[in-house]
Amino acid sequence: MAKLRACRACHYLTTEDQCPNCRATSMSTSYTGVVVILPGRNPNDDPRRSSYIAERLNIDKPGKYALKVR
Ligand SMILES: [Zn+2]
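Notes on the structure follow.

### Remarks on the sheet that holds strand 2 (residues 13-14)
Overall, antiparallel pairing links the three strands, which are arranged 2-1-3 in an open sheet. For this open sheet the edge positions go to strand 2 and strand 3 (27-28), each flanked by a neighbour on one side alone. Looking at chain direction, strand 1 (residues 5-7) and strand 2 are connected through two bridges and run antiparallel. Among the inter-strand pairings, A6 is bridged to a residue of strand 2, identified as L13.

See below:
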């Protein structure tokens, strides 16, 4: 399995060199904690409305995120 990188801008986890979430190219291999935000019943729902974690991390799309990125 390829090593996941965390986007420094939005904390999205991916194996690519560019963040598919926000298109930033500043990726870090040094991060701690993984958070998975699951999609709601309506995929267009903002997860921040139903998830405390999503609200705290300001995550507006379901996906896999790092808790802390260095
Ligand atoms: Zn990003």
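The rest of the description comes next.
### Observations concerning a nonpolar patch on the surface
Together, V34, V36 and L38 line one region of the surface with nonpolar side chains, adding up to about 300 Å² of accessible area. Relative to the helices and strands, L38 resides in the loop between strand 4 (31-37) and helix 1 (52-57).

### As for the coordination of the zinc ion
Taken together, C7 (SG), C10 (SG), C19 (SG) and C22 (SG) make up the protein donors of the zinc ion, found 2.2 to 2.3 Å from the metal. Between consecutive donor residues of the zinc ion, the sequence gaps follow C-x2-C-x8-C-x2-C. Separated by 15 residues along the polypeptide, C7 in strand 1 and C22 in the loop between strand 2 and strand 3 bring together distant segments of the chain. The buried category is assigned to C7, whose relative accessible area is 0%. Owing to a relative accessible area of 34%, C22 belongs among the partly exposed residues under this scheme.

### Things to note about the side chain of T14
Position of T14 relative to the elements: it lies in strand 2. Polar side-chain contacts of T14 include one of 3.1 Å to the backbone nitrogen of E16. Those residues in contact with T14 that lie beyond four places of it in its chain are K3, L4, R5, P20 and M27.

### Some details on the pattern of salt bridges
Under the defined criterion, the tally for this structure stands at three salt bridges. Among the ionic pairs, D45 bridges to R49, the shortest N-O distance being 3.3 Å. Looking at D45, the relative accessible area reads 34%, which means it is partly exposed.

### Details of the packing of aromatic side chains
Counting across every chain of the model gives one aromatic pair. Ring plane angle 85 degrees and centroid distance 5.3 Å describe the contact between Y12 and Y65, whose orientation is recorded as edge-to-face. Of this pair, Y12 sits in the loop between strand 1 and strand 2 while Y65 is found in strand 5 (residues 63-69), placing the two residues 53 residues apart along the sequence.

Thresholds applied
- Residues numbered from 1 in each chain as written.
- Predicted model: local features only at pLDDT ≥ 70, side-chain atom pairs only at ≥ 80, totals over all residues.
- Heavy atoms only, no water.
- Pairing = 2+ DSSP bridges.
- Helix = DSSP H or I, 4+ residues; strand = E, 2+ residues; numbered from the N terminus.
- Patch = residues over 30% accessible without salt bridge, like charges linked within 9 Å, V, L, I, M, F, W, Y side chains within 5 Å.
- Areas by Shrake-Rupley, 256 points an atom, 1.4 Å probe, with all protein chains shown as cover.
- Salt bridge = Lys/Arg side-chain N within 4 Å of Asp/Glu carboxyl O.
- Donors = N, O, S within 2.8 Å, 3.2 Å for Na, K, Ca; no water.
- Buried < 20%, exposed > 50% of the residue type's maximum accessible area, 1.4 Å probe, protein only.
- Polar contact = N/O pair within 3.5 Å; in protein donor to acceptor, adjacent residues only side chain to side chain.
- Contact = heavy atoms within 4.5 Å.
- Phe/Tyr/Trp six-rings, centres within 6.5 Å; stacked < 30°, edge-to-face > 60°.

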